[in-house]
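Here are the chains, one letter per residue:
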Amino acid sequence: MQIRQQAISRALSQLPQALLLSLRNHLEIWATVVVVLAAASFMLSRGTGFSITLMTVFAIWAMLAVSLNLVLGYTGLLSVGHVGFYGIGAYTVAALTANPRQELLEGEIIQIFAWPFFAALPVAVALCGVVAFVVGVAFSRFRDDVYVLVSFGFAIIAYNVFVNWQWVTRGPFGIHQIPKPAIFGYTINDDLEFLVLTLAFLAIVVGISWLIVTSSFGRVLKAVREDEDAIEVFGYRSSRYKLAIWVISAMMAGLAGAMLATYTSFVDPNSFILLESILLVAIVILGGLASIWGSLLGALAFVLLEEGVRFVPFLPPEHVGQVRQIILGTLLVLLMLFRPQGVAGRFKL
Amino acid sequence: MGALTRCSTIRRSLRHIWATEDGEKNMTARDQHGGAQQQVSTALPLLELSDVSVHYGAVVALDHVSVQIYPGEVVSLMGPNGAGKSTVLKAVMGMAPVSTGTVRWHNDILASPTHEIVKRGISLVPQGRRVFTHLNVEENLELGGMHVRDAAERSRRLDAVMEFFPILRQKRRDPASAMSGGQQQMLALGRGLMSSPEILLLDEPTLGLAPIIVSEVFQRVTEISKTFGTTIVLVEHNIRGALSIVDRGYILDKARVAFEGTPKEIEDSDILTQVFLGREDNEE
């Protein structure tokens, strides 16, 4: 009897250590469970309408995170310029589809196309591809720290174009009245239907990314990340591979931007500031480099944080934004200290 | 040229693992060369650097260097640090700025960008192994032969390389980072063989390995030459080890070729003493 008690108490005393060890070794599984449970309980407690909003925002961020992970995690190019493509996608759809009422124009002259969304979407994605190709021809000569700086430059230039190219972007005023997607005369007005559409696009992005990273093309990308010079010796032109993945990734980011524009029905340059790109890099690193699942997890955790902080009691609404950034920054520092490859990552930066 | 007699004997006894049409042609070409061993001076070098100079800014890395490699040979480039051994290989691979002279491959001038050169049958095993540590062994090998479009041919080569290096088959699913230095060197050699090269350029394959592994690497290099019929250029700092396996050697010193000959000729001369300032006994 006494022996049994001793055994139990010993097991109990070892429990915290065992848990810690399990947490360390299976962080990916634990994090998945915690984040998914948190998301589920949060959505259940807040009702359907809120859940749909949360999932839609998640899907858009997830597209961005997965697309950036192709460049950052798999190919090892730390780009902080993705917000530029996100913005180009959003603005293209906005400019081509918007049909604002006369009083909103305030006497300014702006070209109105009033295209349907599904006609503007391919243009937006293709335009991102073209811009990425032109920029990428120069960028793919760079690597490491210099890559960060040139992509930084791209983000700044893109933002300034959004602010100053007024007859297309309407400058700081932004573009309003972006219609919801319509197909064959049927408008997707319902939030749930819109969520399904966004998730379908997310599925396409994840599917393409999965195909890329499991193919021989993906293997070369990983090799470029490991040793760009050595790969040339085996007959690969690493700049071509860097350019190709950059263009693909930019088109995915453009798709996310297009969905954002039609979802919020309004775009302005403030959605595409450099800070958004930094947040995106943080999500990808937190979730895990070179892990598509990690990027999805990171995006979900980020959206939970974004929305969740709003409901923390005692927190004055004007401080919500700062608290979000403090939490995200702290998480990033902690992960860099204790788990540099991120939660689900395969590779350290 | 006793060395050439020896290597032609080896050549006749080769069994080509890659039984491709190309390989058959190579075999014939090599046998013809072997038959013409008495007139070595008229035989065509496989790879020839004539009068090659390389400058890095004001630094002279190669100063009018001429090197000839004949089909089927195992040749080593030796010399002290900074003599320009690795630069010779870099000049061949298009990775060094050649200011004078030409590199010829099968008597054609070789001036392709680095990524084209492997397709012409030249394969480099770079210094420091440079395996892709986050990729597994099989992925590393496949990267070495990815320019071969035919998937069946690729998998046949993969099989042949794994046959030759059993450790690579055993660890095919393990990341390269989980291997020891010696195993990584075997992986680097195997990756270089995946393109089924006519010539294999080995840049310091024994650097940083334990003595027992060093002799294993040298043994493997000899076996590669015998089994696959690959011509081998070996850049080595380990003079004694290299001389024991090569047909011919070049001694480089201060960016120039100081001596060229068979291992016996090199050992009989006092060139090693000259070049290494009488420290030839401590080379290992």
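Residues numbered from 1 in each chain as written. Chains lettered and ligands numbered in written order. Predicted model: local features only at pLDDT ≥ 70, side-chain atom pairs only at ≥ 80, totals over all residues. Heavy atoms only, no water.

Caption draft 1: Broad picture of the overall build of chain A. Within chain A, the regular secondary structure consists of 15 helices and two strands. Against the compact-globule benchmark of 20 Å for 349 residues, chain A has a radius of gyration of 22 Å, which places it among compact chains. Counting every position in chain A, which comprises 349 residues, the buried fraction comes to 50%. For chain A, long-range pairs separated by at least 24 residues make up 79% of all intrachain contacts whose partners lie at least 6 apart in sequence. Roughly 16600 Å² of accessible area belongs to chain A as shown, and the carbon and sulfur atoms make up 68% of that amount. Put simply, chain A has 20 plus and 19 minus side-chain charges, and the middle of one group is 11 Å from the middle of the other. (Helix = DSSP H or I, 4+ residues; strand = E, 2+ residues; numbered from the N terminus. Rg over C-alpha atoms; globule rule 2.2 N^0.38 Å. Buried < 20%, exposed > 50% of the residue type's maximum accessible area, 1.4 Å probe, protein only. Contact = heavy atoms within 4.5 Å. Areas by Shrake-Rupley, 256 points an atom, 1.4 Å probe, with all protein chains shown as cover. Lys, Arg positive; Asp, Glu negative; His and termini not counted. Charge placed at Lys NZ, Arg CZ, Asp CG, Glu CD.)

Caption draft 2: Region of interest: the overall build of chain B. When helices and strands are counted, chain B shows twelve helices and ten strands. Among the 284 residues that make up chain B, the fraction classed as buried is 57%. In chain B, the proportion of contacts linking residues at least 24 apart, taken out of those at least 6 apart, comes to 69%. For chain B, the accessible area works out to roughly 12200 Å², and carbon and sulfur atoms hold 49% of it.

Caption draft 3: Quick look at the pairing of strand β2 (residues 59-69) of chain B. Residues and elements named next belong to chain B. For strand β1 (residues 47-56) and β2, the ladder comprises seven bridges, and the chain directions are antiparallel. Each bridged residue has a counterpart across the sheet, and for valine 54 the counterpart in β2 is leucine 62. Linking two consecutive strands that pair antiparallel, namely β1 and β2, is a turn of two residues; a positive phi of about 60 degrees is found at glycine 57 within it. (Pairing = 2+ DSSP bridges.)

Caption draft 4: The arrangement of the packing of aromatic side chains in detail. All names here are of chain A. Counted under the stated rule, the structure contains 23 aromatic pairs over all chains. With a centroid separation of 5.7 Å and 65 degrees between ring planes, the pair formed by phenylalanine 42 and phenylalanine 311 is classed as edge-to-face. Of the two residues, phenylalanine 42 is situated in helix α2 (residues 27-46) and phenylalanine 311 in the loop between α14 (292-308) and α15 (320-338); the sequence distance between them amounts to 269 residues. Looking at phenylalanine 311, the relative accessible area reads 32%, which means it is partly exposed. Each ring, one from tyrosine 91 and one from phenylalanine 272, has its centre 5.9 Å from the other, and the planes form 55 degrees; the classification is tilted. Residue tyrosine 91 is found in helix α4 (residues 82-97), and its partner phenylalanine 272 is found in the loop between α12 (238-264) and α13 (274-287); the two are separated by 181 residues along the sequence. (Phe/Tyr/Trp six-rings, centres within 6.5 Å; stacked < 30°, edge-to-face > 60°.)

Caption draft 5: Up close: the sheet that holds strand β5 (residues 108-109) of chain B. Strand order in the open sheet formed by four strands is β2-β1-β4-β5 (chain B), and the pairing between neighbours is antiparallel. The sheet terminates laterally at β2 and β5 of chain B, the two strands that pair on one side only.

Caption draft 6: Looking closely at the sheet that holds strand β10 (residues 256-261) of chain B. Residues and elements named next belong to chain B. Strand order in the open sheet formed by six strands is β6-β7-β8-β3-β9-β10, with mixed pairing between adjacent strands. Looking at which strands have only one partner, the edges of the open sheet turn out to be β6 (122-125) and β10. Neighbour to neighbour, the strand axes of the sheet diverge by 15 degrees on average, direction disregarded. One ladder, built from five bridges, connects strand β7 (residues 199-203) with strand β8 (residues 231-236); its direction is parallel. Following the sheet pairing, leucine 202 is matched in β8 by leucine 234. Strands β3 (74-78), β7 and β8 of the sheet are contacted by helix α9 (residues 211-228), whose axis makes an angle of about 160 degrees with β8. (Axes fitted to C-alpha atoms, helices over the stretch in contact; angles between N-to-C directions.)

Caption draft 7: Focus on the nonpolar core. Counting 104 residues, the largest nonpolar core has A:Phe85, A:Val267 and A:Phe272 as its most contacted members. Looking at which element gives the most residues to this core, the answer is helix α3 (residues 48-74) of chain A, with 18 residues. Leaving out residues up to four positions away in the same chain, A:Phe85 has contacts with A:Cys128, A:Val131, A:Ala132, A:Phe154, A:Trp246, A:Ala250, A:Ala253 and A:Gly254. With 43 residues, the next largest nonpolar core counts A:Tyr236, B:Ala96, B:Leu124 and B:Met146 among its residues. (Core = buried A, V, L, I, M, F, W, Y, C linked by side-chain atoms within 4.5 Å.)

Caption draft 8: Layout of helix α8 (residues 181-193) of chain B. All names here are of chain B. Here α8 spans 18 Å end to end across 13 residues, near enough to the 18 Å set by a 1.5 Å rise per residue. Of all 13 residues that make up α8, twelve are buried, and the element is covered over most of its length. Of the positions making up α8, those classed as buried are Gly182, Gln183, Gln184, Gln185, Met186, Leu187, Ala188, Leu189, Gly190, Arg191, Gly192 and Leu193. Of the surrounding elements, those touching the buried residues of α8 are β6, α5 (137-144), α6 (151-164), α7 (166-170), β7 and α9. (Expected span 1.5 Å × (residues − 1).)

Caption draft 9: Region of interest: unusual backbone geometry. Residues and elements named next belong to chain A. Phi is positive for serine 265, close to 60 degrees, though the residue is something other than glycine. Examined against the element boundaries, serine 265 turns out to sit in the loop between α12 and α13. On the basis of relative accessible area, serine 265 is assigned to the partly exposed category, the value being 27%.

Caption draft 10: Highlighting the interface of chain A and chain B. If you look at the interface, chain A gives 19 residues, while chain B gives 19 residues. Together chain A and chain B conceal approximately 1800 Å² of surface at their shared face, both sides included; 64% is due to carbon and sulfur atoms. Among the residues chain A hides against chain B, the three largest losses belong to A:Arg219, A:Val233 and A:Phe234. Together they make up 40% of the total. At the junction of chain A and chain B, the tally comes to three salt bridges. Between A:Asp229 and B:Arg130 there is a salt bridge; the shortest N-O distance is 3.9 Å. Linking chain A to chain B there are six residue pairs in polar contact (both at pLDDT 80 or more). Contributing elements (two or more residues each) for the side of chain A that touches chain B: α10 (216-226) and α11 (228-233) of chain A. Ranked by residues supplied to the side of chain A that touches chain B, first place goes to α10(A) with seven residues. Of the residues in the side of chain A that touches chain B, the class split is eight nonpolar, two polar and nine charged. (Buried area = accessible area lost by both parts, 1.4 Å probe. Salt bridge = Lys/Arg side-chain N within 4 Å of Asp/Glu carboxyl O. Polar contact = N/O pair within 3.5 Å; in protein donor to acceptor, adjacent residues only side chain to side chain. Nonpolar A, V, L, I, M, F, W, Y, C, P; charged D, E, K, R; others polar.)

Caption draft 11: Representation of a nonpolar patch on the surface. On the surface, A:Ile8, A:Leu12, A:Leu15, A:Leu19, A:Leu20, A:Leu23 and A:Trp30 cluster together into a nonpolar patch covering about 670 Å² of accessible area. Within the fold, A:Ile8 resides in helix α1 (residues 2-25). (Patch = residues over 30% accessible without salt bridge, like charges linked within 9 Å, V, L, I, M, F, W, Y side chains within 5 Å.)

Caption draft 12: Representation of the environment of B:Gly57. Residues and elements named next belong to chain B. Position of glycine 57 relative to the elements: it lies in the loop between β1 and β2. Classification of glycine 57 by relative accessible area gives exposed; the value is 70%. For the pair glycine 57 and proline 97, spaced 40 residues apart in sequence, the C-alpha separation works out to 9.9 Å.

Caption draft 13: Region of interest: the environment of B:Lys264. Residues and elements named next belong to chain B. Checked against the element boundaries, lysine 264 lands in helix α11 (residues 263-268). Taking relative accessible area as the criterion, lysine 264 reaches 57% and is therefore assigned exposed. Sequence-wise, lysine 264 and glutamine 274 are ten residues apart; in three dimensions their C-alpha atoms are separated by 17 Å.

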